[in-house]
Amino acid sequence: MKIGIVCYPTFGGSGVVATELGHALSSKGHEIHFITYQQPVRLNTLKAHIHFHEVNVPKYPLFQYQPYELALSSKLVQVVKKEQLELLHVHYAIPHAYAAYMAQKMLEDQGIYIPFVTTLHGTDITLVGSHPFYKDAVAFSINHSNAVTSVSKSLKVDTLRLFPIKTNIQVIYNFINVDFYKSRQPPCERDLIAPKGEKIITHISNFRPLKRVMDVIKTFEIIQDKCPSKLVMVGDGIEKNKAKLYCKENGLEDKVLFLGKSNEIDRILCFTDLFILPSEKESFGLAALEAMIHKVPVIATNVGGLPEIIQEGVSGFLLNVGDYKGMARQGLELLLNPQKHDDFKNQAFEQAQQFDLKRIVEQYESVYQEAILKKTY
Ligand code: GMT
């Protein structure tokens, strides 16, 4: 198939999922065209069947807001025609599904049928999308998609609760390339972070308020008091300075490393003993799944899709939002009991394998086939 993929190209999980899916589809012989304003971070275009088309938004001083969805829909029309695409797969409803709908209508005018599949990722639904300023447009774009998928059951439930949805939503979980991790035995450079044999705890996010990074720091503060450890904070965002200041004022500066945005997630997770994800909302939690495939147990909150990935008392622990004392207690329970820790590591790895890329890609392929065959005009 010739497929156009639209996503946010930055470090967020939705962009990572879209890019990894594109890679996997291209490996199966599909021709993949990424259409976005910047080359996605994990995209390697020097690969057969992968193409990148940049969306440019000319800056006019007349406009206070530059109309990205207008530029995107025009670009979609051009790329669909030039490359003879058969389907568009848009990740994130805002504004991608809206732009895809407009492109579909413009092409329909020219006698060309292009179906589009919308994948809902989380904040496009639970935070931004349901805002009254966007809600009607988001509901319309979902209802007019040729197929809609959601990355967890919990997100599907949220979508049906927040929007008047008339279309079927199919749950297709996010995924991990199991073969890739099984075949790799990278040297884990623990000494880089913990030269005195300390335990290594990691958090990865975009440091938005809903990630509750202060809960990560406070959990760590309790843990390091009883178990020599280091905390690796990966990512960047508005809560970072607050977290850094707290560490400085509370004597944690030497034990907490803020690494910023990183392309070395695999290297970091390789030497991680425990992963903490105390989010207030999380439709899936791709970072937790990435930790688990590296044999890292996860301490997380019992919200959104997290209980669909992490099994309580098996691959990690799930606690109420804000219960950092409970998170520290459970974290210590693992870090101070080597046998239990080892069991959880292996169980996390086992469980992560249920989200194998091979199975998930097939599910997307059948959604595509169906959307292409089900011509709606
Ligand atoms: O978590 C974020 O803030 C980024 C956001 C995104 O758009 O990339 O992540 C969402 O999509 C990911 C991929 O499907 C999910 O793993 C995240 O759980 C989801 N984030 C939220 O629901 C808060």
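Residues numbered from 1 in each chain as written. Predicted model: local features only at pLDDT ≥ 70, side-chain atom pairs only at ≥ 80, totals over all residues. Heavy atoms only, no water.

1. Some remarks on the sheet that holds strand β1 (residues 2–6)
Logical step 1: Spatial ordering of the open sheet is given by β3-β2-β1-β4-β5-β6-β7, a layout of 7 strands whose pairing is parallel. Each end of this open sheet is capped by a strand with a single partner; those strands are β3 (50–54) and β7 (169–171). On average, each strand axis in the sheet is tilted by 25° relative to the strand beside it, whichever way the strands run.
Logical step 2: Seen against the sheet, helix α15 (residues 357–373) touches β1, β4 (87–91), β5 (116–120), β6 (147–150) and β7 and runs at an angle of roughly 130° to β4. (Pairing = 2+ DSSP bridges. Helix = DSSP H or I, 4+ residues; strand = E, 2+ residues; numbered from the N terminus. Axes fitted to C-alpha atoms, helices over the stretch in contact; angles between N-to-C directions. Contact = heavy atoms within 4.5 Å.)

2. A few points about the side chain of S279
Logical step 1: Position of S279 among the secondary structure elements: in the loop between β11 (274–277) and α11 (286–293).
Logical step 2: Beyond its immediate sequence surroundings of up to four residues, S279 is in contact with L210, K211, R212, T301, V303 and V321.

3. So, the domain arrangement of the protein chain
Logical step 1: Considered domain by domain, the protein chain is made up of domain 1 (2–175 + 357–373) and domain 2 (179–355).
Logical step 2: A separation of 30 Å is found between the C-alpha centroids of domain 1 and domain 2.
Logical step 3: Counting residues at the interface gives 22 residues for domain 1 and 18 residues for domain 2.
Logical step 4: Around 1,500 Å² of area is buried between domain 1 and domain 2 when both sides are counted, 57% of it from carbon and sulfur atoms.
Logical step 5: Inspection of the region where domain 1 meets domain 2 yields 1 salt bridge.
Logical step 6: The closest approach of N and O atoms between K358 and D179, which form a salt bridge, is 2.9 Å.
Logical step 7: The tally of links between domain 1 and domain 2 comes to 9 residue pairs in polar contact (both at pLDDT 80 or more).
Logical step 8: Put simply, the parts of the chain that give the side of domain 1 that touches domain 2 at least two residues each are α1 (13–27), α4 (123–126), α6 (153–162) and α15.
Logical step 9: Broken down by element, the residue count for the side of domain 1 that touches domain 2 peaks at 4 residues, all from α15.
Logical step 10: For the side of domain 1 that touches domain 2, the class distribution of residues is 10 nonpolar, 8 polar and 4 charged. (Domains from an automatic or database assignment. Buried area = accessible area lost by both parts, 1.4 Å probe. Salt bridge = Lys/Arg side-chain N within 4 Å of Asp/Glu carboxyl O. Polar contact = N/O pair within 3.5 Å; in protein donor to acceptor, adjacent residues only side chain to side chain. Nonpolar A, V, L, I, M, F, W, Y, C, P; charged D, E, K, R; others polar.)

4. A closer look at the packing of helix α8 (residues 213–226) against helix α9 (residues 240–249)
Logical step 1: Contact geometry of α8 with α9 gives a least axis separation of 9 Å together with a crossing angle of 20°. By the angle between their directions, the pair α8 and α9 is classed as roughly parallel. Along this stretch, α8 crosses α9, giving a crossing that reads as right-handed. Two secondary-structure elements touch here, α8 through V213, M214, I217, K218 and E221 and α9 through K242, A243, Y246 and C247.
Logical step 2: Of the residues in the contact of α8 with α9, the class split is 6 nonpolar, no polar and 3 charged. (Parallel < 35°, antiparallel > 145°, perpendicular 65-115°, else oblique. Left-handed = near helix turned anticlockwise from the far one by under 90°.)

5. Things to note about α1
Logical step 1: The terminal C-alpha atoms of α1, which comprises 15 residues, lie 21 Å apart, in line with the 21 Å expected from a rise of 1.5 Å per residue.
Logical step 2: The buried fraction of α1 amounts to 12 of the 15 residues, a majority that puts the element mostly inside the structure.
Logical step 3: All of the buried residues along α1 are S14, G15, V16, V17, A18, T19, L21, G22, H23, A24, L25 and S26.
Logical step 4: Buried residues belonging to α1 abut β1, β2 (31–36), β3, β4, α11 and α15.
Logical step 5: Trailing α1 by a residue or two, G29 shows a phi angle of about 100°, which is positive. (Expected span 1.5 Å × (residues − 1). Buried < 20%, exposed > 50% of the residue type's maximum accessible area, 1.4 Å probe, protein only.)

6. Thoughts on the nonpolar core
Logical step 1: The biggest cluster of nonpolar side chains holds 76 residues, and the ones touching the most others in it are F275, I310 and Y368.
Logical step 2: Domain assignment of the residues forming this core places at least three in each of domain 1 (2–175 + 357–373) and domain 2 (179–355).
Logical step 3: Not counting the four nearest positions on each side in its chain, Y368 is found in contact with M1, I3, L21, L25, L87, H89 and V117.
Logical step 4: Of all hydrophobic cores here, the second largest spans 27 residues; its members include M214, I217, F317 and M327. (Core = buried A, V, L, I, M, F, W, Y, C linked by side-chain atoms within 4.5 Å.)

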